[in-house]
Amino acid sequence: MANEQMITIRGRLTADPELRFTPSGAAIASFTIAATARKFDKASNEWKDAPAIFWRCTAWKDMGENVAASLTKGSPVIALAELESRSYETREGEKRTVTEARVEAIGPDLRWVTAKTEKPGHSGGGGFNGGQPAGDTWGGSGGNWGAPADGEPPF
């Protein structure tokens with residue numbers, strides 16, 4: 001992957017990652033990260049959200065399996081990705097082009113959560129969950145991932 005242009009995406013997962021496998025057996029996790037810029041408006045003395053940008057992402061092979069085992073809906077993440085565009089034709093003959101972010105690295109946004117990491121295959125819980133049941137918290141006193149807590153940005 002020479003000359004790739006990498007972007008950084010900071011946001012929250014909109015749903016649990018979907019894990020599937022190619023015919024050759026390679027894992028691929030698909031998920032969406034919602035990124036919402038929040039800026040302080042000095043005139044009104046309040047925080048304002050810009051419209052959300054929804055990034056459709058893929059993570060391949062071991063990382064795809066790790067993403068599916070570690071991340072859940074609402075998880076705040078920071079991802080490093082390469083944008084890829086592909087064209088296809090629908091069954092009705094319409095030509096479409098989609099742009100996806102192929103994730104090269106991803107992890108929890110530690111501004112909002114604490115995380116305990118472990119190598120895959122070890123006992124004692126999974127990934128960033130710090131031994132908690134999947135979908136509960138990411139270690140520490142993380143709380144429910146369904147919605148940001150008061151004062152947290154929506155991303």
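Model, not experiment: these values are computed from the prediction.

**Overview of the overall build of the chain**
- From N to C terminus, the chain includes 1 helix and 8 strands.
- Taken from N to C terminus, the helices and strands of the chain fall in the order β-β-β-β-β-β-α-β-β.
- Split into buried and exposed, the 155 residues of the chain put 33% on the buried side.
- In the chain, of all internal contacts separated by at least 6 residues, the share reaching a separation of at least 24 is 60%.

**Here's the deal with the nonpolar core**
- Counting 15 residues, the largest nonpolar core has Phe31, Ile33, Cys57, Val67, Val103 and Ile106 as the members making the most contacts within it.
- Looking at this core, the elements that each hand over two or more residues are strand 1 (6-13), strand 3 (27-35), strand 6 (53-60), strand 7 (76-89) and strand 8 (95-108).
- Among all residues touching Ile33, those that are not within four sequence positions of it are Ile9, Gly11, Arg12, Leu13, Ile53, Phe54, Trp55, Cys57, Val77, Ala79 and Ile106.

**Details of the side chain of Arg12**
- As for its placement among the helices and strands, Arg12 is situated in strand 1.
- On the accessibility criterion, Arg12 (6% relative accessible area) is buried.
- Polar side-chain contacts of Arg12 include one of 2.8 Å to the backbone oxygen of Gly74.

**Concerning the pairing of strand 7**
- Sheet topology note: the strand 1/strand 7 ladder contains 7 bridges and is antiparallel. Of the residues in strand 7, the one forming a bridge with Gly11 is Val77.
- Connecting strand 7 to the next strand, strand 8, in antiparallel fashion are 5 residues, including Gly93 with a positive phi near 90°.

**Thoughts on unusual backbone geometry**
- Positioned with a positive phi, Asn45 is a non-glycine residue whose angle comes to about 60°.
- Relative to the helices and strands, Asn45 is located in the loop between strand 4 (38-41) and strand 5 (46-49).
- The exposure class assigned to Asn45 is exposed, which follows from its relative accessible area of 58%.
- Here Lys61, not a glycine, exhibits a phi torsion of approximately 55°, which is positive.
- On the secondary structure map, Lys61 appears in helix 1 (residues 61-70).

**Brief notes about the environment of Thr97**
- You can see Thr97 is positioned in strand 8.
- Linking Thr97 and Ser85, residues 12 residues apart in sequence, is a C-alpha distance of 6.7 Å.
- Discounting chain neighbours no more than four positions away, the residues touching Thr97 are Ser85, Arg86 and Ser87.
- One polar contact links Thr97 to Ser87, side chain to side chain, over a distance of 3.0 Å.

**Comments concerning the layout of surface pockets**
- Computed from the structure, the second largest pocket encloses a volume of approximately 190 Å³.
- Residue lining of the second largest pocket: Arg20, Ile28, Ser30, Arg56, Cys57, Thr58, Trp60, Glu84, Ser85, Arg86, Glu100 and Arg102, and that is the complete set.
- Where the lining of the second largest pocket is concerned, the elements lending two or more residues are strand 3, strand 6, strand 7 and strand 8.
- Per-element tally for the lining of the second largest pocket: the top contributor is strand 6, with 4 residues.
- Across the lining of the second largest pocket, the residue classes break down as 3 nonpolar, 3 polar and 6 charged.

**Thoughts on the pattern of salt bridges**
- If you walk through the whole model with that rule in mind, you get 7 salt bridges.
- Note that Lys48 is salt-bridged to Asp41, the shortest N-O span being 3.4 Å.
- A residue is classified by how much of its surface remains accessible, and Lys48, at 39% relative accessible area, is partly exposed.
- Asp41 sits in the partly exposed class, given a relative accessible area of 24%.
- Residue Arg86 pairs with Glu100 through a salt bridge whose shortest N-O separation is 3.3 Å. With Arg86 in strand 7 and Glu100 in strand 8, this residue pair connects regions lying 14 residues apart in the sequence.
- Since its relative accessible area comes to 43%, Arg86 is described here as partly exposed.
- Accessibility expressed as a relative area gives 19% for Glu100, which makes it buried.
- Several salt bridges converge on common partners, so that one network encompasses Asp41, Glu46 and Lys48.

The rules we used
Residues numbered from 1 in each chain as written. Predicted model: local features only at pLDDT ≥ 70, side-chain atom pairs only at ≥ 80, totals over all residues. Heavy atoms only, no water. Helix = DSSP H or I, 4+ residues; strand = E, 2+ residues; numbered from the N terminus. Buried < 20%, exposed > 50% of the residue type's maximum accessible area, 1.4 Å probe, protein only. Contact = heavy atoms within 4.5 Å. Core = buried A, V, L, I, M, F, W, Y, C linked by side-chain atoms within 4.5 Å. Polar contact = N/O pair within 3.5 Å; in protein donor to acceptor, adjacent residues only side chain to side chain. Pairing = 2+ DSSP bridges. 1 Å grid on protein atoms, 1.4 Å probe; cavity = no way out; pocket = protein on both sides within 12 Å on 5 of 7 lines; lining within 4 Å. Points joined across faces, edges and corners; volume = space filled by probe spheres on them. Nonpolar A, V, L, I, M, F, W, Y, C, P; charged D, E, K, R; others polar. Salt bridge = Lys/Arg side-chain N within 4 Å of Asp/Glu carboxyl O.

Just distances and angles here, no functional claims.
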